[in-house]
Amino acid sequence: MSENYNSMWENLGLDLSAHDALLEALGKSYRDIYLAQKHRPQGMGYFDFVMSEVHGLRIKELIDEKAAGRKVIGSFCVFVPEEIVRSAGATLVGLCTGADFATDEAENFLPRNTCSLIKSAFGFKLGKVCPYIESADMIVGENTCDGKKKSYEVLNDLVPNLYVMDLPQMKSDEGRALLKAEYLRFKEAVEKLTGITIDAARLKKGIEIVNNKRKAIYRLLSLRKVDPAPISGLDALLANQVFFYDDPTRFTLSVNKICDELEQRIEKKQGVFPENTPRILISGCPMAVPNWKLPWIIETSGAVIVGEESCVGERGTRNLTHDSASTVDELMEAIVDRYFKVDCAIFTPNPDRLNHIEEMVETYKADGIIHYGLQFCQPYLMESMPVEKALEAKNIPTLRIDTDYSTEDMGQLKTRVEAFVELIKLKHVPT
Ligand code: BJ8
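First things first, this report covers the structure right here in the doc.

### Structural notes on the sheet that holds strand β2 (residues 91-94)
Strand order in the open sheet formed by four strands is β2-β1-β3-β4, and the pairing between neighbours is parallel. Both edges of this open sheet fall to β2 and β4 (162-165), since each of them pairs with a single strand only. Adjacent strand axes in the sheet meet at a mean angle of 30 degrees when their direction is disregarded. Relative to β4, strand β3 (residues 138-142) is paired through four bridges, and the arrangement is parallel. Residue pairing for β4: E142 is matched across the bridge by M165. Here helix α4 (residues 57-67) sits on the sheet in contact with β1 (72-75) and β2, set at roughly 150 degrees to β2.

### Side note on helix α2 (residues 16-35)
Residues that lie three or four places apart on an α-helix share one face, since the helix turns once every 3.6 residues. Buried residues of α2: A18, H19, L22, L23, L26, Y30, I33 and Y34, and no others. End-on, the buried residues of α2 take up no more than an arc of 130 degrees, which puts them together on one face. Opposite the packed face of α2, turned more than 90 degrees from it, sit the exposed residues S17 and E24. Those residues of α2 hidden inside the fold are in contact with α1 (6-11), α3 (44-52), α7 (116-126), α8 (131-135), α12 (233-242) and α14 (293-299). For α2, the N-terminal capping position is held by D15, with its side-chain oxygen 3.2 Å away from the main-chain nitrogen of S17.

### Focus on the site of the ligand
Taken together, 16 residues surround the ligand, and among them C77, C145, C311, C344 and C377 come closest. Looking at the shell around the ligand residue by residue, the classes come out as 13 nonpolar, one polar and two charged.

### Here's the deal with the packing of aromatic side chains
Geometrically, a pair of aromatic rings is defined through the distance of the ring centres and the angle of the planes. Counted according to the given criterion, the structure contains 15 aromatic pairs. With a centroid separation of 6.2 Å and 70 degrees between ring planes, the pair formed by F47 and F251 is classed as edge-to-face. Of this pair, F47 sits in helix α3 while F251 is found in helix α13 (residues 248-267), placing the two residues 204 residues apart along the sequence. Accessibility assignment for this pair places F47 and F251 in one class, buried. Ring plane angle 55 degrees and centroid distance 5.8 Å describe the contact between Y163 and F186, whose orientation is recorded as tilted. Linking Y163 in strand β4 with F186 in helix α10 (residues 173-194), this pair joins segments that are 23 residues apart in sequence.

### Section: the sheet that holds strand β8 (residues 398-403)
In space, the four strands of this open sheet follow the order β6-β5-β7-β8, with parallel pairing throughout. Edge positions in the sheet fall to β6 (304-309) and β8, since each of these pairs with one other strand and no more. Taking each pair of neighbouring strands and ignoring which way they run, the sheet shows an average axis angle of 25 degrees. Where strand β5 (residues 279-284) and strand β7 (residues 368-374) come together, five bridges link them in parallel fashion. Along β7, the bridge assignment pairs L281 with I369.

### A short note on the nonpolar core
Among the nonpolar cores identified, the biggest contains 142 residues, and F47, F79, Y183, F186 and W292 are the most heavily contacted of them. In this structure, F186 is in contact with V80, P81, I84, V85, M138, V140, Y163 and M165, ignoring residues within four places of it in sequence.

### Here's the deal with unusual backbone geometry
Cis geometry is adopted by the peptide bond preceding P290, which originates at V289 and carries an omega value of -5 degrees. Its location among the elements puts P290 in the loop between β5 and α14. Here the bond from T348 into P349 is cis, since omega is -15 degrees, no more than 30 degrees from zero. Relative to the helices and strands, P349 resides in the loop between α16 (328-339) and α17 (351-363). Backbone geometry at N319 places phi at a positive 70 degrees, although glycine is not the residue there. Relative to the helices and strands, N319 is located in the loop between α15 (314-317) and α16. Of note, F376 is a non-glycine position whose phi angle comes to about 75 degrees, a positive value. For F376, the location among the structural elements is in the loop between β7 and α18 (378-393).

### Some points on the environment of A88
Position of A88 among the secondary structure elements: in the loop between α5 (82-87) and β2. Here the alpha-carbon distance between A88 and R112, two residues 24 residues apart in the chain, equals 39 Å. Excluding residues that lie within four positions of it along the chain, A88 makes contacts with V190, T194, I196, I198 and R202.

### Details of the pattern of salt bridges
This model, assessed by the stated rule, comprises 39 salt bridges. R219 is the salt-bridge partner of D260, the closest N and O atoms lying 2.7 Å from each other. Taken together, the residues span a long stretch of sequence, with D260 in helix α13 and R219 in helix α11 (residues 200-222) at a distance of 41 residues. Of the residues examined, D260 reaches a relative accessible area of 39% and is grouped as partly exposed. Of the residues examined, R219 reaches a relative accessible area of 25% and is grouped as partly exposed.

Parameters and conventions
- Residues numbered from 1 in each chain as written.
- Predicted model: local features only at pLDDT ≥ 70, side-chain atom pairs only at ≥ 80, totals over all residues.
- Heavy atoms only, no water.
- Pairing = 2+ DSSP bridges.
- Helix = DSSP H or I, 4+ residues; strand = E, 2+ residues; numbered from the N terminus.
- Axes fitted to C-alpha atoms, helices over the stretch in contact; angles between N-to-C directions.
- Contact = heavy atoms within 4.5 Å.
- Buried < 20%, exposed > 50% of the residue type's maximum accessible area, 1.4 Å probe, protein only.
- Arc of directions from axis to C-beta.
- Polar contact = N/O pair within 3.5 Å; in protein donor to acceptor, adjacent residues only side chain to side chain.
- Near = heavy atom within 4 Å.
- Nonpolar A, V, L, I, M, F, W, Y, C, P; charged D, E, K, R; others polar.
- Phe/Tyr/Trp six-rings, centres within 6.5 Å; stacked < 30°, edge-to-face > 60°.
- Core = buried A, V, L, I, M, F, W, Y, C linked by side-chain atoms within 4.5 Å.
- Salt bridge = Lys/Arg side-chain N within 4 Å of Asp/Glu carboxyl O.

Pasting the structure below:
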């Protein structure tokens, strides 16, 4: 970190020594996992900088925005529409955390058999180490899985500004009507928080900013269709993770710049791994920063990750919002249309997700799939079985993994992934 931010963190109420320990651990794993990679695109230097300042400069920017009268809204889910937040001149930041912290304290509030993602969010709050949650003027929870839904009842006693959004569980007309009603209610809450009335011009602008950000990340993800892949799965995941934190306009510019470089690499057939490296698609639970365990295992086991069917990946970023309408109601309809396509496993039934996985296997020419489920995540673990069955029926090798944020199972996971990569080599890769 280039500056001393101690007084800023202190003012936010962080526990400085716990926070120092967290940053040290984060810095070490970033060096060991990211900076140790070979043949990285030069443009990734931008993300190295962003990560080195993720609790520093970015938080300072948010505090400066707040001083200028703008609001910061934190969210745990890709169903929270950033378009609405932006159109009120506010900033949306992701609050999901991808590392164990203060787990014992979190388990005083949550049952042990809660997924790591939820426990982590509580641990970061209770351990006083998350400057994002402390900077947020509003924290949005959403009724998705049972774990999150019930945990917000508990979180409500720990934060002063929780807003809970209801979400449908079925892709029916009634489900869509509920989503629309909830987005209208959210729009009103954002207007109240910011004191800004969202008119059509503002909404169009908000949609444009977010669409541009989605187009840029989608452009980057699409460039991984070729062999050899011009960027590692770890680096692509990082871009997907930073998507939730960075200033959207700067993010769009930086990602497009990396894409220009990747296009040149593709022309020169310059990959991060040699041609014919087994190509893996990851599918399942979202991987929030700094959850890099499984991708690191895969890419140090002789394979390259070419796509993420995940909310921190294509499930969260594909599909743009149509912006051709001219009234607030029509634009809100367009926002509802876009988000109603998100095929999270909380929906029942959820055939769109399986279709999308199969489509991604084809598009990214994946040789196999690793289904990633967090322990105790009922929606994704339940779906992992039919997903595996359907893919195996199509002769697509599939490995189901359930894990958590600990490092205890790394040896065992590495053995399983290596065996899977060997199997793929025998089955799919031309010799
Ligand atoms: S739209 S995937 S971001 S809910 S891992 S907390 S599901 S028990 S994160 Fe998600 Fe929104 Fe869906 Fe995407 Fe529950 Fe599972 Fe834990 Fe999860």
